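Structural description and commentary
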Amino acid sequence: MKKILTDSGIEIKKVYTSKDISKPIPEEMPGQYPFTRGIKEDMYRGKLWTMRQYAGFSTAEESNQRYHYLISQGVNGLSVAFDLPTQIGYDSDHALAEGEVGKVGVAIDSLEDMEALFKGIQLKDISTSMTINATGFILLAFYVALAKKQGADLTRLQGTIQNDILKEYEARGTYIYPPQPSMCIITDIFEWCSKELPRWNTISISGYHIREAGSTAVQEIAFTLSNGKAYVQAALKKGLDINIFGKRLSFFFNSHNNLFEEVAKFRAARRMWAKMMKELGATDEKAMMMRFHTQTGGSTLTAQQPLNNITRVTLQTLAAVLGGTQSLHTNGYDEALNLPTEEAAGIALKTQQIVAFESGVADTVDPLAGSYFVEKLTDQVEAASWELIEKVDSLGGSVSAIEQGFIQNEIANSAYIYQRNIETNHKIIVGVNAFIADNEIVPPSFKIDDNIRLVQIEKLMALREKRDNSCVEKCLKNIKVGAAKNENLMPLVIDAVENLCTLGEISDSLRSVFGEYK
């Protein structure tokens, strides 16, 4: 008979019975270690997941208009997308920024841009997630400086910076500095936030981009948890308390179309992280809880028959909710073609709201628990993931495995197999290699004007003319000296942004000390 396998290579049987469960299904309750069934005892009965929409494009002023629209439509958490120059530490007037300013996210060069981005929005009243890594500490400094100008109590500020540099070396590519100094910056953030921003999530350890690069579900959680382990070990080495910083670690996962494998993945990941943190020395159960944000799978969206993507996003939304996510972003149906239009972003948000208020899946905690199939699949995903984690450990951990190219090669091989299966019709993608329509519906496009760069350059010129440039030079020198002496960089960077140093200037100061990773 024909074998049916998940994308992770796990064979699916025709039917499952109690005999497939190696041990009796544990009478585990949600909110209890190891949190397979969820980190809260009442989950969505008490509070729904945070509904975010990832948005950012063009100038800060234009993105601000989209944020106000999303808030008016019921979004209760903002998620900021930054353009590539911002992500890799270049101001908009840098030669390498040409052609990229404002294209895949918003351009943020200075504190003034951050003020424009959140004009009319009180940071004390909203949770903000910022998808930024190599320059995450600078964007956090901008955010903190703005919150101080608004008079916000920093101890009440809520949000997340992605700040996960290891997955950049593995899958995404927006790194600047070599791994070791990058890890030092991350532990600086852990240390500073534990004292000054106690409610801020200091890192979002990201499997999302690992999956987008072509990994399987098993690889996604195995490599993500290995990265998480590396961050915890680095923080412990610096003398930080795992029971304090462990509560501010969060995760970011992908949600694909195979509903049951995705649910099993989320349940397994939660259980694995709890065990891992306990082994690393955590004694407070809140430090063992895996809190995670989910985004529906961008790489699953098709340019062909784009309206089919609404159905795909709905399936992925169900998987994330049934799997117990704390926060969710749903993709616009047109994102295989361009940045989401306002209409597409609105439909994506309504998808979450319909699942939340009309489907009934949020009415009880972990509704698929006890299913022979789901319990068996959860165990299989966990076992396969531990096996892969052990391979990474045998290579010396994530940083060493990255330097040896192991993780990158594993992801690349899986991506090749996945694409080959589509091209040979072993995997059906509706509208791509089967059920192809003769009359394609082309949705309206959303393009960014190349003149945005000129607008940003004018703002930078005006900024540099009015600021105290001697003070700027002093701040940048302090950053260089602090980096050379291995001081905590966060206070120095906050001082710099408050004195109107730009993102590119701060990044370049550290390039002169740390160098660039090639």
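Whatever comes next refers back to the structure up there.
Described in the following lines is the structure provided in the data block. Keep in mind that what you see is a predicted model, and the values were worked out from it rather than measured.

Moving on: the overall build of the chain. Helices and strands together make up the secondary structure of the chain, namely 20 helices and 11 strands. Since a compact globule built from 518 residues should have a radius of gyration of about 24 Å, the 23 Å found for the chain is in line with a globular shape. Structurally, the chain occupies a C-alpha span of about 75 × 60 × 45 Å along its principal axes. Counting over 518 residues, the chain shows a buried share of 57%. Considering only contacts in the chain between residues 6 or more positions apart, those separated by 24 or more positions represent 78%. Counting every atom, the chain has about 21300 Å² of accessible surface; 52% of that belongs to carbon and sulfur.

With that settled, consider the packing of helix H14 (residues 372-394) against helix H16 (residues 406-423). Packing of H14 against H16 brings their axes to within 11 Å, and their N-to-C directions diverge by 145°. Residue-level inspection shows Leu388, Lys391 and Val392 of H14 in contact with H16, the latter providing Phe406, Ile407 and Glu410. Grouping the amino acids of the contact of H14 with H16 by side-chain chemistry returns 4 nonpolar, no polar and 2 charged.

Next up on the list: a nonpolar patch on the surface. A cluster of nonpolar side chains, namely Ile428, Val430 and Phe435, defines an oily patch on the protein surface of about 300 Å² accessible area. Counting through the fold element by element, Phe435 comes out in the loop between H16 and helix H17 (452-466).

Following the sequence through the fold, Arg453 ends up in helix H17. Within the buried set, Arg453 has no salt-bridge partner at all; the shortest N-O distance to an opposite charge, 4.3 Å, is to Glu98. Beyond its immediate chain neighbours, meaning those up to four positions away, Arg453 contacts Ser92, Asp93, His94, Ala95, Ala97, Glu98 and Val101.

What follows deals with the side chain of Thr50. Along the chain, the position of Thr50 falls in strand E3 (residues 50-55). Note on Thr50: relative accessible area 14%, which makes it buried. Ignoring sequence-local partners within four residues, the contact set of Thr50 consists of Asn76, Gly77, Gln326, Ser327 and Leu328.

Of all the 5 residues making up strand E5 (residues 127-131), 5 are buried; the element is thus mostly covered by neighbouring parts of the structure. Residues Ser127, Ser129 and Thr131 point to one face of E5 and Thr128 and Met130 to the other, with burial holding for every one of them. Taken together, the 5 bridges between strand E4 (residues 77-81) and E5 define a ladder with parallel strand orientation. Directly across from Gly77, in E5, lies its bridge partner Ser127. Bridge analysis of E5 against strand E6 (residues 159-161) gives 3 bridges, and the strand direction is parallel. Its bridge partner lying in E6, Met130 is registered against Ile161.

Further remarks concern the pattern of salt bridges. All told, the structure shown has 31 salt bridges when counted by the stated rule. Residue Lys149 pairs with Glu115 through a salt bridge whose shortest N-O separation is 3.2 Å. Placement of Lys149 in helix H4 (residues 136-149) and of Glu115 in helix H3 (residues 111-117) is noted, with a sequence separation of 34 residues between them. A relative accessible area of 55% places Lys149 in the exposed class. Across the salt bridge formed by Arg267 and Glu375, the nearest N and O atoms sit 3.2 Å from each other. Here the residue Arg267 occupies a position in helix H10 (residues 259-279), and Glu375 occupies one in helix H14, the gap between them amounting to 108 residues. An identical accessibility class is assigned to Arg267 and Glu375; each is buried. One salt-bridge network, in which partners are shared between bridges, spans Asp91, Asp93, Arg464, Arg467 and Glu505.

Let us look at helix H20 (residues 503-514). Its 12 residues place the ends of H20 16 Å apart at the C-alpha level, agreeing with the 16 Å of an ideal helix rising 1.5 Å per residue. Listed as buried for H20 are Leu503, Gly504, Glu505, Ile506, Ser507, Ser509, Leu510 and Arg511. Looking at the packing, one finds that the buried side of H20 touches helix H2 (84-87), H4, H17, helix H18 (469-484) and helix H19 (490-498). Backbone geometry just downstream of H20 places Gly515 in the positive-phi region, at approximately 80°.

Here is what the cut-offs are and how they apply
- Sequence positions are assigned chain by chain, starting from 1 and proceeding in written order.
- The model is predicted, so local features are restricted to residues of pLDDT at least 70 and side-chain atom pairs to those at 80 or more, both for listing and for counting; the totals for chains, interfaces and linings are taken over all residues.
- Heavy atoms from the whole structure form the basis of all side-chain values; hydrogens and water molecules are not counted.
- Only DSSP runs of H or I reaching four residues or more are called helices, and only runs of E reaching two or more are called strands; each is numbered from the N terminus.
- Using C-alpha atoms as the atom set, the radius of gyration is obtained and then compared with a globule rule of 2.2 Å times the number of residues to the power 0.38.
- Classification of residues uses two cut-offs on accessible area relative to the type maximum, computed with a 1.4 Å probe and protein chains only: under 20% is buried, over 50% is exposed, and between them is partly exposed.
- Residues count as neighbours in contact if any of their non-hydrogen atoms are within 4.5 Å of one another.
- Accessibility throughout is a Shrake-Rupley quantity obtained with a 1.4 Å probe, and a residue counts as covered only by protein chains that appear here.
- What counts as an axis is a line fitted to C-alpha atoms, over the stretch in contact for a helix, and the angles between N-to-C directions run from 0 to 180 degrees.
- Side-chain classes follow a simple rule in which Ala, Val, Leu, Ile, Met, Phe, Trp, Tyr, Cys and Pro form the nonpolar group, Asp, Glu, Lys and Arg form the charged group, and the remainder, Gly included, forms the polar group.
- Patch membership requires more than 30% relative accessible area and the absence of a salt bridge. Residues of like charge join within 9 Å; the nonpolar side chains Val, Leu, Ile, Met, Phe, Trp and Tyr join within 5 Å.
- Salt bridges, as used here, are contacts in which a Lys or Arg side-chain nitrogen is within 4 Å of a carboxyl oxygen on Asp or Glu.
- Residues scored as charged are limited to Lys and Arg (positive) and Asp and Glu (negative), so that His and the chain ends carry no count.
- In this analysis, strands are considered paired if DSSP registers two or more bridges between them.
- What a helix is expected to span follows from its residue count: subtract one and scale by 1.5 Å.

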